[in-house]
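Understanding the architecture of this molecule
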Amino acid sequence: MAAMARGGFSRRDFEREPARRVFAGEIRESRIHFREGDDEKSPTYVLLPTGERCNRVFLVGTLTEKKKQGDQNLFYRARVIDPTGTFFVMAGSYQPEAMQQIARIEPPAFVAVVGKPNVYETPDGAVLVSVRCESVTPVDKDTRDRWVIDCAKATLDRIDALGTTPDGERAVQEYRTDPALFRKLVYEALSQLSL
Amino acid sequence: MDYSDTATRISLNVKAKGHEADPVKIAGKLRRLVEEFGVPPAEAERSVVNELAREFSLNGLGTPGGEEKNLNALLPGEWTTVEAKVVSLTTTPSPAIAQSGILADSTGAIRFVVWAKANAPRLEDGKWYRFESAVVDEYRGSINLKIHSGTVIREISRDTILAPAVTPIADLIPGIGSVKAKVIQEWDVTHDRMLQNGLLADQSGTVRFVIWKEEGKERLTPGTVYSLYYAMVDEYSGRYSLNLNSATVVPEEGDIPVISGDSRFAGALVHIAPGSGLIKRCPVEGCNRVLSRQNYCPVHEIQPGFLYDLRIKGWLDDGKVTREILIQREVTEQLTGMSMEQAKELAENNPLGMDEVFLRFRDRILGRYLICSGREIDSRMLVNSCEPLRFDPEETAALLNRAGGPS
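Conventions and cut-offs
- Residues numbered from 1 in each chain as written.
- Chains lettered and ligands numbered in written order.
- Predicted model: local features only at pLDDT ≥ 70, side-chain atom pairs only at ≥ 80, totals over all residues.
- Helix = DSSP H or I, 4+ residues; strand = E, 2+ residues; numbered from the N terminus.
- Buried ≥ 20, exposed ≤ 12 C-beta atoms within 10 Å, placed from the backbone.
- Contact = placed C-beta atoms within 7 Å.
- Core = buried A, V, L, I, M, F, W, Y, C linked by C-beta atoms within 7 Å.
- Pairing = 2+ DSSP bridges.
- Axes fitted to C-alpha atoms, helices over the stretch in contact; angles between N-to-C directions.
- Parallel < 35°, antiparallel > 145°, perpendicular 65-115°, else oblique.
- Left-handed = near helix turned anticlockwise from the far one by under 90°.
- Nonpolar A, V, L, I, M, F, W, Y, C, P; charged D, E, K, R; others polar.

Here we take up the overall build of chain B. Regarding its fold elements, chain B presents seven helices and 20 strands. For chain B, the residues scored as buried account for 32% of the 407 residues in total. Residue pairs at least 24 apart in sequence account for 54% of intrachain contacts in chain B once pairs closer than 6 positions are excluded.

Structure follows, in structure tokens:
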């Protein structure tokens, strides 16, 4: 009723998925992915080893390499490095804005990436996680450092809450997550910030 | 004490059921119960009525109109009798309703509705009445009293002075509320019939208020403190709103401490939506809609005399929740370092036109950490100040400790 009175569409019906902060070293370990609901448009999630579902990520790192691929269906692949490892980032014709942004970037450069993580298996059986980007924007070092802090905090929060939520329990079961390993990852990432 | 009123009423009730009862006899019985046996008047009335009901084998007589209650004790669905003062009369929304307004006693206040079909006498503002056999109903989460054709209304004389209890804004519930609050914001009216709307605050919280155009209604002065007695508290999409058309408005001297109406949110700007940057607005008075590329307003069609504006619509995300923000011109200029004049010049001299402004904004602020404060409307934040969030080395040490060392 309330929605009808306001034009038949309630803004509250739609909740945008938050962009999780995840280090490359953690997302690399992700294997479990699932769809919530039966609808074709239902959101898909990657389950992080520290126990949170993740439909979108926000990451800041150094774009070190980019490669244009395909003829008909042009797309870009790029590598973005954070203190713990490498994100594999891609943008195709469905992400024209991100593609144009990558085209203009001269590596190496600090970039902020918003995108959706995908888990897929290579023909030889290896599992890879890539990020299909919505945007790739050049930023300064200060933003990168701020992100490392932000991501460290978010990761520690997840570790502290591990096992206390249904997603957390599932992560413990599926990944046999060792919290100490991820604390170490966070510690190493923070240590690389210039003090 | 005079029992004739009550006696007459009871005898009329009996008569309505097709029997005769002598009011003088009834009055005598009442007097005996009250004066000789010390029975409270309401209880005496009940016992006399019960006796008559038995005598004539009537079912529906009972105590006329249910138990007598204070306003704060009413429950939805019950029949009741109350004695209360009309403290406000409001315009009626429908011809089926003869009168509506607010009743109060020393315990509280309640909305009331008199159905046109009730054929009730006109109630007057400021007078006390006894309502027998009214029905307590619930509408949109707040209870009200329905006066129907079976309700017996009698004016009574009381000289009790009612002092409505003032509620902290945070404790308001749907129904009637009285607050002492300061007008901290005045917003553009969104409707022809609206006189004023804005935000009230006290130390506990903030609440939206609205005054509808009506004879004798005046606007509140921003920055002034008011005591607002008997306002109607409504709920719209999860938020409360005070309708002041029913309220007694008393300006107060001096100032009171208030909490800020603004909320703050920090995060990364993860998306800038289309419609950000330099935009054109419809110049028709009161319209202000955004025009399409062809200068087309959905209401006023082609408007070559458009007005330029700058804004950013986007999503700010802290990793746990993401919130829609709308940054208006001044804050946009300050955040992007591009003035409206510069943006216009850029758009006019660039092959990409207004898109160029959007792209520059994107390169300057997308993916950056910001802290915004502003007011919340329909789950969107209208930002009135926004700062970049910088890297703070102090945080590193604390987090290193939390991570527990290199081991």
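Take the nonpolar core next. Counting 77 residues, the largest nonpolar core has Val-89, Val-113, Ala-152 and Val-186 of chain A as its most contacted members. Considering every element that reaches this core, the biggest residue donor is helix α4 (residues 141-161) of chain A, with eight residues. Counting 45 residues, the second largest nonpolar core, distinct from the first, contains Val-179, Leu-199, Phe-209 and Tyr-226 of chain B.

Next up on the list: the interface of chain A and chain B. Counting residues at the interface gives 32 residues for chain A and 31 residues for chain B. Those elements that place two or more of their residues in the side of chain A that touches chain B are β1 (19-20), β5 (56-69), β8 (109-121), β9 (127-138), α4 and α6 (179-191) of chain A. With 10 residues, the single largest contributor to the side of chain A that touches chain B is α4 of chain A.

Residues and elements named next belong to chain B. By secondary structure assignment, the location of Pro-76 is in the loop between α3 (41-55) and β1 (79-90). Sequence separation between Pro-76 and Ser-142 is 66 residues, and the spatial gap between their C-alpha atoms is 9.3 Å. Residues within four places of Pro-76 in sequence aside, it is in contact with Val-136, Asp-137, Glu-138 and Ile-143.

To continue, consider the pairing of strand β19 (residues 369-377) of chain B. Moving residue by residue along a regular strand, the side chains alternate between the two faces of the sheet. When strand β13 (residues 263-272) of chain B meets β19 of chain B, the two strands line up antiparallel, connected through six bridges. Bridged to Ala-268 of chain B within β19 of chain B is Tyr-369 of chain B.

What follows concerns the packing of α4 of chain A against α6 of chain A. For any two helices packed against each other, the geometry is given by the interaxial angle and the distance between the axes. All names here are of chain A. Look at α4 against α6: their axes get within 10 Å of each other, and the N-to-C directions meet at 165°. As the angle between them shows, α4 and α6 are arranged roughly antiparallel. Handedness of the crossing formed by α4 with α6: left-handed. Listed contacts from α6 to Val-148, Ala-152, Thr-155, Leu-156 and Ile-159 of α4 are Pro-179, Phe-182, Arg-183, Val-186, Ala-189 and Leu-190. Tallied by class, the residues present in the contact of α4 with α6 amount to nine nonpolar, one polar and one charged.

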